[in-house]
Amino acid sequence: MKKELLFSGIGGQGIMNLGEILCAAAIKAGYNVTFSPVYGAEKRGGRTMCNIVISTEIECQIVSEADVMLIMDEASLADYQHLAGEKGVLILNSQVETKPDCPCKNIQVVPFIEKAMELGNAKVANMIALGFVLRYLDFIPYSTVEDLIRETFASKAKLIPLNLVALKTGYEYTA
C-alpha cells in the first residue's frame, strides 16, 4: 500500500500542523511515512506545501501523482494541480474560485474557513480539513488522530475541545 498526499496553502492556515498530525497518526498505525515540507521565502503569508507519502514499504518522499490533494488557495491550485492523480481526490477550499484543469475526476469543494467561522474560530479550518481528508484514508484510525490532537494542544488545553469538534465537523461534512 502506498498513498501520496500533497497539502498546500498560505502560511498561517495550519498546513504543516495538519500534515504533522496526519504523519504521526500514520506512524502510530504502523506505516512508513515521509514528510517533506516546503516554505515560501516570505516571513508571513507565503506559500506552504508538504508532500506526504504513507506506505507499507520505504518510498521516495516526493509526490509524483497525489492520491489526496488538499488546496487552500488559488496560487497553490495553479502550481500543484498537475500533480493530482486521475484516480485520486482533489479537495479544494471553497474560496478557491478557479476551476481545476487536471486529470483528477474526483473534486470536492469544502467551505473549510466558513465552517471554522461557524465554530467561532477561523484558525480551526485546518482541523476541519484534516477531518475531511481522513475520510479518504480509512487505514488511519480516527481515534488515533483525536489522541494526537490532545497531545498537540496539551500545553493549551482550552483549545482541545474546539479542535476535536473541528475534526469531527470535517469528518462528517458531506460536500
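Rules of the game
- Each chain has its residues counted from 1, running along the sequence as written.
- Note on the predicted model: pLDDT of at least 70 is required for a residue's local features to be given, and 80 or more for side-chain atom pairs to be given and counted; whole-chain, interface and lining totals, by contrast, use all residues.
- Hydrogens and waters are ignored; side-chain quantities use all the structure's heavy atoms.
- Only DSSP runs of H or I covering at least 4 residues are called helices, and only runs of E covering at least 2 are called strands; the numbering of each starts at the N terminus.
- Within these notes, the globule rule equals 2.2 Å times the number of residues to the 0.38 power, and the radius of gyration is based on C-alpha atoms.
- Accessible area is worked out with a 1.4 Å probe on protein chains only. A residue is then buried under 20% of its type maximum, exposed over 50%, and partly exposed in between.
- By the convention used here, residues are in contact when the closest approach between their heavy atoms is within 4.5 Å.
- The Shrake-Rupley method, run with a 1.4 Å probe, gives the accessible areas here. Residue values count only the displayed protein chains as cover.
- This count recognises Lys and Arg as positive and Asp and Glu as negative, with His and chain-terminal groups excluded.
- Charge positions come from single atoms, namely NZ of Lys, CZ of Arg, CG of Asp or CD of Glu.
- Pairing between two strands requires that DSSP report at least two bridges joining them.
- Think of each axis as a best-fit line through the C-alpha atoms, taken over the contacting stretch in the case of a helix, with angles from 0 to 180 degrees between the N-to-C directions.
- Confidence of the predictor at the level of single residues is given by pLDDT, which spans 0 to 100.
- Cavity means a closed set of points on a 1 Å grid over the protein atoms alone, one where a 1.4 Å probe fits but cannot get out, pocket means an open set with protein on both sides within 12 Å along at least 5 of 7 lines, and lining means a residue has an atom within 4 Å of a point.
- Grid points are joined across faces, edges and corners, and a volume is the space filled by probe spheres set on the points.
- Each residue is assigned to one class: nonpolar for Ala, Val, Leu, Ile, Met, Phe, Trp, Tyr, Cys and Pro, charged for Asp, Glu, Lys and Arg, and polar for all the others, Gly among them.
- To obtain the arc, one takes the directions from the helix axis to the C-beta atoms.

Draft legend 1. Up close: the overall build of the protein chain. Secondary structure assignment for the protein chain yields six helices and six strands. Ordered by position in the sequence, the α and β elements of the protein chain form the string β-α-β-β-β-α-β-β-α-α-α-α. In summary, the protein chain has a C-alpha radius of gyration of 15 Å against a globular reference of 16 Å for 175 residues, a match within 12%. Considering only C-alpha atoms, the protein chain reaches an extent of 40 × 35 × 35 Å along its principal axes. Each of the 175 residues in the protein chain was classed as buried or not, and the buried ones make up 47%. Sequence-distant contacts in the protein chain: of pairs separated by 6 or more residues, those separated by 24 or more amount to 54%. Put simply, the protein chain shows about 8,600 Å² of open surface, and 51% of that area lies on carbon and sulfur atoms. Taken together, the 16 basic and 20 acidic charged side chains of the protein chain have centroids lying 6 Å from each other.

Draft legend 2. Inspection of the sheet that holds strand S3 (residues 47–55) at higher detail. Reading across the sheet, the six strands line up as S2-S3-S1-S4-S5-S6 and stay open at both edges, with mixed pairing between neighbours. Every interior strand has two partners, whereas the edge strands, strand S2 (32–39) and strand S6 (106–110), have only one. Pairwise comparison of adjacent strand axes, ignoring direction, gives a mean angle of 15° for this sheet. As defined by bridge partners, strand S1 (residues 2–10) adjoins strand S4 (residues 66–71) across four bridges and the pair is classed as parallel. When the bridges of S4 are listed, Phe7 appears paired with Leu70.

Draft legend 3. Representation of the confidence of the model for the protein chain within the structure. When pLDDT is averaged along the protein chain, the result is 93; 97% of the residues meet or exceed 70. When pLDDT is averaged over each element of the protein chain, helix H6 (residues 160–172) comes out on top at 98 and S2 at the bottom at 90.

Draft legend 4. Fine view of the layout of surface pockets. Quantified by volume, the largest pocket comes out at close to 370 Å³. Around the largest pocket, the lining comprises 19 residues; the ones closest to its centre are Lys123, Val124, Asn126, Phe153 and Asn163. Among the residues forming the lining of the largest pocket, the class breakdown is eight nonpolar, nine polar and two charged.

Draft legend 5. Quick look at helix H5 (residues 142–152). Turning to H5, its buried residues are Thr144, Val145, Leu148 and Ile149. Considered in projection along H5, the buried side chains sweep an arc of 140° and stay on one side of the axis. Contacts from the buried residues of H5 go to helix H1 (15–28), helix H4 (125–134) and H6.

Draft legend 6. Spatial organisation of the side chain of Asn93. For Asn93, the position within the fold is in strand S5 (residues 84–93). Residues contacting Asn93, with those up to four places away along its chain left out, are Ile71, Met72, Val110, Pro111, Phe112, Ile113 and Glu114.

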